[in-house]
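A look at the structure
The residues making up each chain are set out below.
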Amino acid sequence: MRALLLACGLAAMAFVPGPARAQSPGDALANGWLLLCPGAAPGSDLATRCAEIFAGGPGSRDASADGNFLGEIPGQGRAATRDNAPDEAAAAIELAPGLSVFAGAEGGRLKRRGGVNEAPFDGDASALSAGLDWSPSPAWRLGGVASVAEEQLDFLGSAGSADVRFSGLMAMASWSRGAFAVDAYAGRLSGDYDLVRAIDYTLLSGVSFQATARASVDARRELAGLGITWSHATGAWEWQLGTGVDWQATAIERYEEGGGGGLAIAVPARTITSRRGRADLTLARSWSRGWGVLQPMLRLGWRHEFANPARPISVTFLQDASGTPIRFQTDDPDADWGDIGLGAVFVFTGGHSGFVEWRRRIGHAFLDEAVLAVGWRWELP
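Our subject in this report is the structure included herewith.

With a phi close to 50°, Phe69 is a non-glycine residue in the positive phi region. Relative to the helices and strands, Phe69 resides in the loop between helix H4 (60–66) and helix H5 (72–78). One non-glycine residue, Asn308, lies in positive phi territory at about 60°. Topologically, Asn308 is positioned in the loop between strand E13 (292–305) and strand E14 (312–317).

Right under this line is the structure:
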């Protein structure tokens with residue numbers, strides 16, 4: 001059988017795209033069987049899988065390739081392009097000079113649809129944060145925040161999943177003069193990915209194979225941003241026009257899967273970078289009440305992605321002694337989409353204030369996201 005596989009592999013090299021050509025995950029692996037199977041160690045689980053595939057009848061290479069769900073690998077990094085900047089509603093709270101403490105929480109839903117090379121998923125995202133603000137004068141505001149965030153992705157079409165956790169610190173600063181304000185932030189988070197890839201395929205020969213490959217991998221995320229806001233008040237109404245840029249890079253370390261029944265893979269280290277421009281128009285109105293001030297607000301925004309282009313990913317099967325790379329493409333990003341937010345700021349007597357905001361992506365080609373955020377602040381005596 002090993003000789004037969006080797007002969008098939010040599011013959012296929014004349015007309016099968018080589019491993020250097022980037023393609024979809026299913027096509028890359030369907031073609032890759034002909035090149036990697038001759039390198040499978042005799043008697044290994046991978047050699048057994050290869051023998052089953054080549055004896056499985058028409059379409060077996062395609063069916064087994066699709067059932068490996070390699071498209072989940074670029075999908076693991078897609079959620080890393082979410083907006084992780086400090087919540088914008090919190091910045092709408094005007095502070096008196098001095099110290100204040102604050103805390104916030106948010107929860108949301110993610111849906112990834114469409115695309116060719118990245119697996120679709122449904123997901124949940126949540127985050128908790130707490131920090132300290134210092135306003136040495138009405139013009140300056142300095143602060144630091146600690147945060148813990150989690151994303152849970154369930155890939156459609158398989159039992160695969162990705163549980164992602166990050167925690168770390170972020171520094172913030174803002175300066176205002178008259179109608180203009182400049183704000184900036186920078187931070188670094190450490191995290192880990194718990195990954196499950198469920199392999200499941202059935203061949204025409206009647207062979208049905210199911211296995212689970214798992215991995216736990218370290219990751220880190222760096223982020224920074226700069227923005228400018230112009231405000232104009234007319235009576236109880238206030239208009240705000242803001243623009244800025246946000247940058248973040250999520251680095252996922254190299255990892256090797258465990259399990260997989262011979263189909264476990266090694267995935268190299270990779271970095272997903274997003275460099276995003278933004279523009280927002282916000283309309284707010286203030287109402288005075290006996291307990292304080294209520295300020296509902298509506299925000300419409302536009303986002304443009306300058307980075308994160310499609311790029312190749314190469315993986316290798318652990319039991320392939322030749323280390324044949326299976327190379328496939330990620331999907332291109334959506335360059336432009338909208339963002340809508342609806343919320344309110346509450347300013348109470350005694351130095352207490354809070355906010356609530358619901359926001360949602362609109363017009364994105366493949367990623368839907370809706371988030372509800374709440375927060376509370378207390379100006380210390």
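With that out of the way, let us pick up the environment of Asp246. Secondary-structure assignment places Asp246 in strand E7 (residues 237–252). Separated by 17 residues in the primary sequence, Asp246 and Leu263 place their C-alpha atoms 39 Å from one another. Not counting residues within four places of it along the chain, the set of residues in contact with Asp246 comprises Ala85, Tyr185, Ala224, Gly225, Ser274, Arg275, Arg276 and Arg278. One polar contact links Asp246 to Tyr185, side chain to side chain, over a distance of 2.6 Å. There is a polar contact of 2.5 Å between the side chain of Asp246 and the side chain of Arg278.

This brings us to the sheet that holds E14. Read across the sheet, 4 strands follow the order E8-E10-E14-E15 without closing on themselves; strand pairing throughout is antiparallel. One side of each edge strand has no neighbouring strand; the edge strands of this open sheet are strand E8 (255–256) and strand E15 (326–329). Across 2 bridges, the pairing between strand E10 (residues 265–267) and E14 is antiparallel. Note that in E14 the partner of Ala266 across the bridge is Thr316. Set on the sheet, helix H2 (residues 25–36) makes contact with E14 and E15; between it and E15 the angle comes to about 165°.

What follows covers the pattern of salt bridges. Taken as a whole and assessed by the stated rule, the structure comprises 23 salt bridges. Here Arg254 ties to Glu256 by a salt bridge, and the two come within 3.1 Å at their closest N and O atoms. The residue Glu305 makes a salt bridge to Arg276 at a minimum N-O spacing of 3.5 Å. You can see Glu305 sitting in strand E13 and its partner Arg276 sitting in strand E11 (residues 270–285), a full 29 residues away along the chain. Judged by its relative accessible area of 8%, Glu305 is buried. A single salt-bridge network, built from bridges that share partners, covers Glu106, Asp280, Arg299, Arg303, Asp339, Glu357 and Arg359.

Counting residues in hydrophobic clusters, the biggest one holds 52 residues, and the most contacted among them are Trp33, Ile73, Tyr193, Val315, Phe317 and Ile326. For Ile73, the contacting residues outside a window of four places in its chain are Tyr255, Ile265, Val267, Arg270, Ile313, Val315 and Phe328.

Now for the environment of Val356. Within the fold, Val356 resides in strand E17 (residues 352–362). Using a relative accessible area of 28% as the deciding quantity, one classes Val356 as partly exposed. Distance in space between the C-alpha atoms of Val356 and Arg285 is 15 Å, their sequence separation being 71 residues. Once residues lying within four places of it in the same chain are set aside, the contact partners of Val356 are Leu342, Gly343, Ala344, Phe346, Leu372, Ala373 and Val374.

Assignment of secondary structure puts Ser60 in helix H4. Apart from residues no more than four positions distant in its own chain, Ser60 is found in contact with Ile53 and Leu203.

On to the packing of aromatic side chains, then. One pass over the full model with this rule turns up 7 aromatic pairs. Seen in terms of ring centroids, Trp33 and Phe317 are 5.8 Å apart; in terms of plane orientation they differ by 45°. Their pairing is tilted. Here the residue Trp33 occupies a position in helix H2, and Phe317 occupies one in strand E14, the gap between them amounting to 284 residues. We classify Trp33 as buried; its relative accessible area is 0%. Judged by its relative accessible area of 2%, Phe317 is buried. Ring centres of Phe121 and Phe155 lie 6.1 Å apart, and the angle between their planes is 90°; on these two criteria the pair is classed as edge-to-face. Here the residue Phe121 occupies a position in strand E2 (residues 121–137), and Phe155 occupies one in strand E3 (residues 140–155), the gap between them amounting to 34 residues. The exposure classification of Phe121 matches that of Phe155, with both residues buried. Grouping aromatic residues by their ring pairs yields a cluster made of Trp291, Phe346, Phe348 and Trp376. Directly above the aromatic system of Phe366 lies the positively charged group of Arg112, at a separation of 4.2 Å from the ring centroid. Its guanidinium or amino end placed over the ring of Phe166, Arg221 lies 4.1 Å from that ring's centre, counting from NZ or CZ.

The rules we used
- Residues numbered from 1 in each chain as written.
- Predicted model: local features only at pLDDT ≥ 70, side-chain atom pairs only at ≥ 80, totals over all residues.
- Heavy atoms only, no water.
- Helix = DSSP H or I, 4+ residues; strand = E, 2+ residues; numbered from the N terminus.
- Contact = heavy atoms within 4.5 Å.
- Polar contact = N/O pair within 3.5 Å; in protein donor to acceptor, adjacent residues only side chain to side chain.
- Pairing = 2+ DSSP bridges.
- Axes fitted to C-alpha atoms, helices over the stretch in contact; angles between N-to-C directions.
- Salt bridge = Lys/Arg side-chain N within 4 Å of Asp/Glu carboxyl O.
- Buried < 20%, exposed > 50% of the residue type's maximum accessible area, 1.4 Å probe, protein only.
- Core = buried A, V, L, I, M, F, W, Y, C linked by side-chain atoms within 4.5 Å.
- Phe/Tyr/Trp six-rings, centres within 6.5 Å; stacked < 30°, edge-to-face > 60°.
- Lys NZ or Arg CZ within 6 Å of the ring centre and 35° of its normal.

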